[in-house]
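Residues per chain, in single letters:
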Amino acid sequence: NPDYAYDGVASTAATVGGPIVPRSAPLTVTQVHRQNDWTNLNAIKVNDASFATVTMYGSSSAVNKSSIIQAKGFFTNNPISLSATIVGISVSVVHKHFSGTSSVYDDCRLLNLGATIPHLDGPWTFGATETFTYGGPTDTWGGTPPTPALLNSSDFGVDFRAECTELPGSGA
């Protein structure tokens, strides 16, 4: 889930009264097909023992990347006040490396904010459930601070993909 640090006074650049955590799950969860599709997409809407899953194999460029999960509309039904000043965005992703001996890395990108810098993380720890946090309370992902109107849009969200980086056949 993304959360947003904000301040009612733009000149202070402080996190006063934040962060704002989405009060509801994303309205839509879809995927952009690349190489390996995810299953159980709606599992990303809640933080529980259920996961969206994907299988990838080795370092061949034909099979080592997941499709892209896109989650949008976090604030559409419960909008952020239009008087708020957004000073940073962070996104937390809970993931688990279920099988195989390969290393898995991932990237996360914001949607509907123009050209933002993808945030990379990894490697995932085999067998462990981990939470990676991308961005932070003063990180605008390479752009100017977004407006509440942009975050309230049904097109605002995050996308996420994973990549297997080991030898062919190692699996992840």
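Calculation rules
Residues numbered from 1 in each chain as written. Predicted model: local features only at pLDDT ≥ 70, side-chain atom pairs only at ≥ 80, totals over all residues. Heavy atoms only, no water. Phe/Tyr/Trp six-rings, centres within 6.5 Å; stacked < 30°, edge-to-face > 60°. Helix = DSSP H or I, 4+ residues; strand = E, 2+ residues; numbered from the N terminus. Buried < 20%, exposed > 50% of the residue type's maximum accessible area, 1.4 Å probe, protein only. Salt bridge = Lys/Arg side-chain N within 4 Å of Asp/Glu carboxyl O. Pairing = 2+ DSSP bridges. Axes fitted to C-alpha atoms, helices over the stretch in contact; angles between N-to-C directions.

> Go over the packing of aromatic side chains, please, and point to the residues and values.
According to the stated counting rule, one finds one aromatic pair in the structure shown. For the pair W38 and F160, a centre-to-centre distance of 6.1 Å together with 50° between the ring planes defines the contact as tilted. Here W38 is found in the loop between β2 (28-32) and β3 (68-72), whereas its partner F160 is found in strand β8 (residues 157-164), with 122 residues between them in sequence. Of the two residues, W38 and F160, both sit in the buried class.

> I'd love a proper account of the pattern of salt bridges, names of residues and values included.
Summed over all chains, the structure comprises three salt bridges. With its nearest N and O atoms 3.0 Å apart, the salt bridge here joins R161 to D107. Of this pair, R161 sits in strand β8 while D107 sits in strand β5 (residues 104-111); the two residues are 54 residues apart in sequence, bridging distant segments of the chain. Judged by its relative accessible area of 12%, D107 is buried.

> Can you explain the sheet that holds strand β6 (residues 119-121)? Please cite residues and give values.
The strand order β2-β3-β8-β5-β6 describes an open sheet built from five strands, whose pairing is antiparallel. A strand with exactly one partner marks an edge of an open sheet, and here the two such strands are β2 and β6. Recorded for the sheet is a direction-independent mean angle of 20° between the axes of neighbouring strands. Alignment of β5 against β6, held across three bridges, turns out to be antiparallel. Bridge pairing in β6 places D107 opposite L120.

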